[in-house]
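Fold and geometry: a report
Next come the chains, spelled out residue by residue.
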Number of protein chains: 2
Amino acid sequence: MNAVPGLAAPSAQLRSAAHVVLFPTLDRSRALPRAARPQISCNACALRGACISADFSAAEMGAFEELAQVKRRLRGAQHLYRTGEPAESLYVVRSGFMKSSVVTSDGREQVTRFHMMGDLTGLGAMAGQPHTTDAVALEDTEVCEIPFAALQRLTLRVPQLQHRLYCLMTQELQAQREALVLLGTMRAEERVAAFLLDLGQRYRTLGFSASRFVLRMSRADIGSYLGLRLETVSRLLSRFQVEGLLSVEGKSVHILDSEGLLALIGQS
Amino acid sequence: MNAVPGLAAPSAQLRSAAHVVLFPTLDRSRALPRAARPQISCNACALRGACISADFSAAEMGAFEELAQVKRRLRGAQHLYRTGEPAESLYVVRSGFMKSSVVTSDGREQVTRFHMMGDLTGLGAMAGQPHTTDAVALEDTEVCEIPFAALQRLTLRVPQLQHRLYCLMTQELQAQREALVLLGTMRAEERVAAFLLDLGQRYRTLGFSASRFVLRMSRADIGSYLGLRLETVSRLLSRFQVEGLLSVEGKSVHILDSEGLLALIGQS
DNA sequence: CGGTCTTTTGAACGCGGTCAACAGCCGTGG
DNA sequence: CCACGGCTGTTGACCGCGTTCAAAAGACCG
């Protein structure tokens, strides 16, 4: 897999989606020593619009940027945090791909959410309790770390931040409710179709193609998220392919008939 | 069903749980005209410990009480709010029983949560967006209405309220994550067992019996919540009964072997 | 190049859904 | 009082979806 951390993230996404390569030379950043990499400012960040600070003024951005200075880099399969660990920060995914999951006492794993660039993780621990999920990088990933305490202090100076945080928690609740509907009311083929369309939409809001993308997670992870066995996911992807709805090759997906997929889940 | 609204709520719960009757004469409140019922103060409320204001000082309680003056009473099957309606308040269930559910565009219903006394509903709309769920009373129910705007104003005077609100949203997230695990990883018998044990625990935290209670919702509602058909729920309740795990008669449940139920869901 | 992990595909089984009939319960009205 | 219709819950019989087990092919990595 050609995961490229940090600066090269947008081009990594584009390449893997068979798009134009914006900054081909940036691949050299892979070789850059950690400390030598230049610190990106929030203002210059490609994710400005998607971040917590989306609608901040220039002055507010400055204050926010101080909080978000710490970046953490993770290799694939590395944990960002684990259930039970004390929670002091929330994290914005700058590049790469993550999953959040709950592991039950008898060892069953339930993936609760996939996080792509611009997504937050760690919100569940905003109130100071220890983490109740695991967060794992599915490929090389970089996150901005934002300490809760400092963020709370900033709300005193930036009034609308409070509201923004409520919005973000609400979005999280909303997303989980949709996952509940998916698991509670849909059949396997509907779940897989809905999953692919949703993933496409999320890529679209980041400026990438909604119909052509790479599945960064394993079939087992998709299955866990959808409440299905990995074999079922694999079978359905194959079936969708012979039905002409999409084409799959390993992890790359090309949706050919999004109307058809929508029809599968009962929406015109 | 002997649903008793308003003041008689605690005794209604106790009676249905075959417990001591605290205020037997309060049953007469059923006949009281609406306007004549005395306004209960937050200080005297039986739910003090469970409410938003749990750890407020006397002065703070006074301020909070002003917000929560409006009560709304609902008959069974009546909506508190509907998807798409503007959201201005959150609600604390004072007595009775409610469900929150999402209805998909093709008419399928997913119950996302049951609310009993002391529970909140409407948190999902804290950030000012319209409601994304329906909230329906499953029996005669009374709720305290707490306007968001006034609550936000109060956070300026009561610093720990902000934190309390984050706690409540976090609890909501946590509850939904557990529902996800239930739907994603458990088999039908595990789901029903987990549901009954959870319901028992929630009654216990309110001071009622964890092993003897009344199901206020229909089998169809239980099924929707658990991602099962109502027939499956019914069959499993019957099977648990012949296995000696519990006894059911209509809506009353008596858990005889909670260890056995726990074992079913893979916990010793 | 061998070893490990992931993915695909096949074959068979069983859980839970579906359809249907019936019982119980309750409020309504004759 | 019973008759009635509507609604909820129970139970049976059957079937199909998704799981399970297994084998082999493919992808990745030292």
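Each remark here, short or long, concerns the structure printed above.
Residues numbered from 1 in each chain as written. Chains lettered and ligands numbered in written order. Predicted model: local features only at pLDDT ≥ 70, side-chain atom pairs only at ≥ 80, totals over all residues. Heavy atoms only, no water.

With that out of the way, let us pick up the protein's contact with DNA strand D. Around DNA strand D there are 17 residues in total, and A:Ala188, A:Thr232, A:Arg235, B:Ser234 and B:Ser238 lie nearest to it. Close to the protein, within 4 Å, the atoms of DNA strand D are drawn from sugar and phosphate at a rate of 62%. Backbone polar atom of A:Ala188 to a phosphate oxygen of DNA strand D: 2.6 Å apart, as the coordinates give it. Here a phosphate oxygen of DNA strand D sits 2.6 Å away from a polar atom, N or O, in the side chain of B:Ser238. (Near = heavy atom within 4 Å. Polar contact = N/O pair within 3.5 Å; in protein donor to acceptor, adjacent residues only side chain to side chain.)

Counting from both sides, the interface comprises 39 residues of chain A and, opposite them, 39 residues of chain B. Each partner contributes to the roughly 3700 Å² buried at the junction of chain A and chain B, and carbon and sulfur atoms together form 61% of this total. One can count two salt bridges joining chain A with chain B. For the pair chain A and chain B, the number of links is 14 residue pairs in polar contact (both at pLDDT 80 or more). Looking at the side of chain A that touches chain B, the elements that each hand over two or more residues are strand E5 (109-115) and helix H4 (159-185) of chain A. (Contact = heavy atoms within 4.5 Å. Buried area = accessible area lost by both parts, 1.4 Å probe. Salt bridge = Lys/Arg side-chain N within 4 Å of Asp/Glu carboxyl O. Helix = DSSP H or I, 4+ residues; strand = E, 2+ residues; numbered from the N terminus.)

A few words on the relation of the copies chain A and chain B. Each copy superposes on the other: chain A lies on chain B with an RMSD of 0.0 Å after a rotation of 180° and an axial shift of 0.0 Å. Such values leave the two copies arranged in the relation of a two-fold axis. (Least-squares fit on C-alpha atoms with pLDDT ≥ 70 in both.)

A:Ser234, A:Ser238, B:Ala188, B:Thr232 and B:Arg235 are the nearest of the 16 residues found near DNA strand C. Those atoms of DNA strand C that come within 4 Å of the protein belong to sugar or phosphate at a rate of 62%. One nitrogen or oxygen atom from the main chain of B:Ala188 is found 2.6 Å from a phosphate oxygen belonging to DNA strand C. Between B:Glu231 and DNA strand C, the recorded distance is 3.3 Å, taken from a side-chain N or O atom to a base nitrogen. Of all the elements in the fold, those that place two or more residues in the surface near DNA strand C are helix H7 (230-242) of chain A together with helix H7 (230-242) of chain B. It is H7(A) that contributes the most residues to the surface near DNA strand C, five residues altogether. Here the residues of the surface near DNA strand C sort into three nonpolar, five polar and eight charged. (Nonpolar A, V, L, I, M, F, W, Y, C, P; charged D, E, K, R; others polar.)

Interpretation in functional terms is not warranted from these geometric data alone.
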